[in-house]
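# Residue-level structural notes
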Amino acid sequence: MVMETRHIASLSGKDSLAMCILMKYKWPKLKFEKVFVDTLCEHPTTYEFLDKAIDIVGPITKLYPPSSFEELLYERWLGFLPGPRARWCTRELKQLPFERYIKSPAVLYMGLRADEEGRLGYTPPTGVEVRYPLREWGISLRGILKLMSKLSLEIPSRRGCYFCWGQRQVEWIQLAEEYPSLFWQAASFEKSNFTWKQGYSLIELYERRDEIFKREAMRIKRLKRKWIGENEQGESVCKLWCK
């Protein structure tokens, strides 16, 4: 029996949303499923963005990891927080649930842009083909921002999990100001030898909040442009899984 090939679009951020919108326009006969992997720890703005995405592209299938972040942190990783040298959060909370869901034969569509030449793609399981429509169509960040503007869709300043270790200092302080319960929850995961940022704890960072806000204001003034740019504006370390 020949199995029908599934077409699945990974949807999580502005790039993948733009990809889904354009896929509907450019490939109207293609039936594809939109999938979002919810870690249950996403930043609140991610959920707000996702609700707006549903209004635009239709129903989205949500996937969830079999174990919570807390279970993974304490039972499997013994309190060892994820970081640049051990990105177990992406693998455990995003990638594995997705790979359990897709079954070959399948074509997976991901939001890698044309101006990201140096960024590596995703190595899929056997029997799964990966395509990057934005790259195929030559669409860069400028094109994405133009489309989001036409849709009057505000791009969230932060993507991914609220406790993402890749956040800049000012993003941590903004989290503390806007969602204090989430900030202090993230701080509670830290131990003396395991902190989100190397060399200091979130409590120590919070004590420097005035200094950090002042430095950020000077940085933005120096840039003198409307769009800060993706790398300076909440770029997720999960890369393809939060784009």
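Bear in mind that the values here come from a model prediction, so they are computed numbers and not experimental data.

## A few points about the overall build of the chain
Check the secondary structure of the chain and you find 10 helices and five strands. Taken over C-alpha atoms, the radius of gyration comes to 19 Å for the chain, in line with the 18 Å a tight globule of 243 residues would show. For the chain, the C-alpha atoms occupy an extent of roughly 60 × 45 × 30 Å along the three principal directions. Counted over contacts in the chain with a minimum sequence separation of 6, partners at least 24 positions apart contribute 70%. Carbon and sulfur atoms make up 53% of the accessible area of the chain, which amounts to about 13,000 Å² in all.

## A look at the side chain of Arg113
Tracing the backbone shows Arg113 in the loop between strand E4 (106-109) and strand E5 (128-131). Of the residues examined, Arg113 reaches a relative accessible area of 4% and is grouped as buried.

## Digging into the packing of helix H7 (residues 169-178) against helix H8 (residues 180-188)
The contact between H7 and H8 brings their axes to 5 Å, and the two run at 125°. Between H7 and H8, the crossing angle belongs to the class labelled oblique. Across the interface between the two elements, Trp172, Leu175, Ala176, Glu177 and Glu178 of H7 pack against Pro180, Leu182, Phe183 and Ala186 of H8. Tallied by class, residues from the contact of H7 with H8 come to seven nonpolar, no polar and two charged.

## Examining the nonpolar core
In terms of nonpolar packing, the biggest core is built from 29 residues, with Phe69, Tyr162, Phe163, Trp172, Phe189, Trp196 and Leu202 touching the most fellow members. Of all the secondary-structure elements, those providing two or more residues to this core are helix H3 (69-76), helix H4 (88-101), H7, H8 and helix H9 (202-206). Here the element with the most residues in this core is H7; it accounts for five residues. In this structure, Phe69 is in contact with Cys41, Leu81, Pro82, Trp88, Leu93, Phe163, Phe189 and Trp196, ignoring residues within four places of it in sequence. Counting residues in each nonpolar core, the second largest holds 27 residues, with Leu50, Val107, Ile139 and Ile155 among its members.

## A few points about the packing of aromatic side chains
If you walk through the whole model with that rule in mind, you get 17 aromatic pairs. Residues Phe69 and Phe189 carry aromatic rings whose centres are separated by 5.2 Å and whose planes lie at 65° to one another, so their mutual orientation is edge-to-face. Placement of Phe69 in helix H3 and of Phe189 in the loop between H8 and H9 is noted, with a sequence separation of 120 residues between them. The exposure class assigned to Phe69 is buried, which follows from its relative accessible area of 1%. With a centroid separation of 5.4 Å and 70° between ring planes, the pair formed by Trp184 and Tyr206 is classed as edge-to-face. Within this pair, whereas Trp184 is found in helix H8, its partner Tyr206 is found in helix H9, the two being separated by 22 residues in sequence.

## Topic: H4
When the terminal C-alpha atoms of H4 are compared, their 19 Å separation across 14 residues agrees well with the 20 Å that a helix rising 1.5 Å per residue should span. The largest bend in H4 comes to about 35°, at Gln95, with the proline Pro97 one to four residues further on. Of all 14 residues in H4, 10 are buried; the element is thus mostly enclosed. Among all positions of H4, only Trp88, Cys89, Thr90, Glu92, Leu93, Lys94, Gln95, Leu96, Pro97 and Phe98 are buried. Residues of H4 that are buried in the fold lie against strand E1 (6-10), strand E2 (33-37), strand E3 (61-63), H3 and E4.

Rules of the game
Residues numbered from 1 in each chain as written. Predicted model: local features only at pLDDT ≥ 70, side-chain atom pairs only at ≥ 80, totals over all residues. Heavy atoms only, no water. Helix = DSSP H or I, 4+ residues; strand = E, 2+ residues; numbered from the N terminus. Rg over C-alpha atoms; globule rule 2.2 N^0.38 Å. Contact = heavy atoms within 4.5 Å. Areas by Shrake-Rupley, 256 points an atom, 1.4 Å probe, with all protein chains shown as cover. Buried < 20%, exposed > 50% of the residue type's maximum accessible area, 1.4 Å probe, protein only. Axes fitted to C-alpha atoms, helices over the stretch in contact; angles between N-to-C directions. Parallel < 35°, antiparallel > 145°, perpendicular 65-115°, else oblique. Nonpolar A, V, L, I, M, F, W, Y, C, P; charged D, E, K, R; others polar. Core = buried A, V, L, I, M, F, W, Y, C linked by side-chain atoms within 4.5 Å. Phe/Tyr/Trp six-rings, centres within 6.5 Å; stacked < 30°, edge-to-face > 60°. Expected span 1.5 Å × (residues − 1). Bend = angle between axes of the 7 residues up to and from the residue.

Coordinates in, geometry out; function isn't part of it.
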